[in-house]
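Listed here are the chains, written in short residue letters.
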Amino acid sequence: MVDVPTMFGERLSRRLVLAGGICTAGATAVGVNAAVGQATHGGHDAGSATPAAADAYQAPSPSSGHSGAHGAMVTVGEVDSARNGFDPAKMLTDWDVGVTSVLSDGRTLRTFEVVAEDKEIEIAPGVMFPAWTYNGRVPGPALRATEGERLRIVFKNYGSHPHSMHFHGIHAARMDGVPGAGLINPGEEFVYEFDAKPFGCHLYHCHALPLKRHIHKGMYGAFIIDPDPTRHPELADVARSRLLDTPENAQWQELVMVMNAFDTNFDGENEFYAVNTVAHTYMNTPIKITRNRPVRIYLINVVEFDPINSFHLHANFFDYFDQGTTLTPTLKTVDLITQCQAQRGIIEFSFAEHETGLYMFHPHQSEFTELGWVGMFDVVEDVA
């Protein structure tokens, strides 16, 4: 097993991350709790091996921009996306739509190929994590299909442990991705095949035992089924707005956000929290949003070891579609929702009546925010 970063002989823990600056494997300082001392973007060079001390706190200046939000609690340095093989900025809109063909009955067959492999990834500047991945990334590819299609997922296990793909959807027992029904050993292959239903915001994950270890190590991903407008004539316009590659859908700014976390010392307690794996990535690089176009977020919670997670949007309210299986909101005009593990939904909102600027989003578990799960929307008049 790959060892984890240490500080003065102690294994990296959530308490150490919160209590003081730490030197990671890449000799990069990590932001610390304001009660003890915080590192801002200007507080330490990426090559510095000196932890932030209690007297090292620098109050954010008015011109410090997003780095001053939530007390300048951000990691210092950059994660190497090229080495990781995935970029959280691109993950927001990177849909895997597979390859389509036509069945004898005229229906669409949509085929995906997914490979399990062991891979060390960087989850914060200089902090490496020995992950188990789908297609070399965490979260795995965001699979997207249309209601009523036949789906075929060719799954190959190149990892070191037995793995599977369990889809949250409707399918036969033999396609369930559990021991005896789709769980395969290293070097083997299995083909999952079922119809795409119901429409909604779903997920897939490994269902090998121990389940918490396989999920926590990174084996999960978004599974989106768009509604077929012809099946929902009473709300066909709404259904078309969710159907990828339609003119109605093109009006929306769609993002997929998978809330996850990492236990870097394997003690059953997470040290880093994130959306799409890399701590503070959307603070360091805010998500650009065009002011006059609506926003739709496919939000999924797969955090292990914590019973609930949440999403809070600053200075705005949104409509929420729990599980995404309805075309009318299950909650209207809210600014915070909670999700247990594997719960997911669709969030819709607009900044059309707002001035341009930076708008924060984060969970309302403050500890999660301090440990990496926080970001900014950079609302602009137009995105070049």
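Quick note: structure is the one above.
Residues numbered from 1 in each chain as written. Predicted model: local features only at pLDDT ≥ 70, side-chain atom pairs only at ≥ 80, totals over all residues. Heavy atoms only, no water.

Brief notes about the pattern of salt bridges
In total, this model carries 18 salt bridges according to the counting rule given. As a salt-bridge pair, R150 and E193 come within 3.3 Å of each other at their nearest N and O atoms. Linking R150 in strand β8 (residues 150-157) with E193 in strand β10 (residues 189-195), this pair joins segments that are 43 residues apart in sequence. Classification of R150 by relative accessible area gives partly exposed; the value is 22%. For E193, a relative accessible area of 22% corresponds to the partly exposed category. Here E248 ties to R240 by a salt bridge, and the two come within 3.3 Å at their closest N and O atoms. You can call E248 partly exposed: its relative accessible area is 27%. (Salt bridge = Lys/Arg side-chain N within 4 Å of Asp/Glu carboxyl O. Helix = DSSP H or I, 4+ residues; strand = E, 2+ residues; numbered from the N terminus. Buried < 20%, exposed > 50% of the residue type's maximum accessible area, 1.4 Å probe, protein only.)

Description of the sheet that holds strand β18 (residues 318-322)
Ordered by their spatial adjacency, 6 strands build an open sheet running β14-β13-β16-β21-β18-β19, and the pairing between neighbours is mixed. Two strands bound the open sheet, and with one partner strand each, they are β14 (272-275) and β19 (331-334). Neighbour to neighbour, the strand axes of the sheet diverge by 20° on average, direction disregarded. Relative to strand β16 (residues 295-301), strand β13 (residues 253-262) runs parallel, the two being bridged by 7 bridges. Opposite L255, over in β16, you have I297 as the bridge partner. (Pairing = 2+ DSSP bridges. Axes fitted to C-alpha atoms, helices over the stretch in contact; angles between N-to-C directions.)

Coordinates in, geometry out; function isn't part of it.
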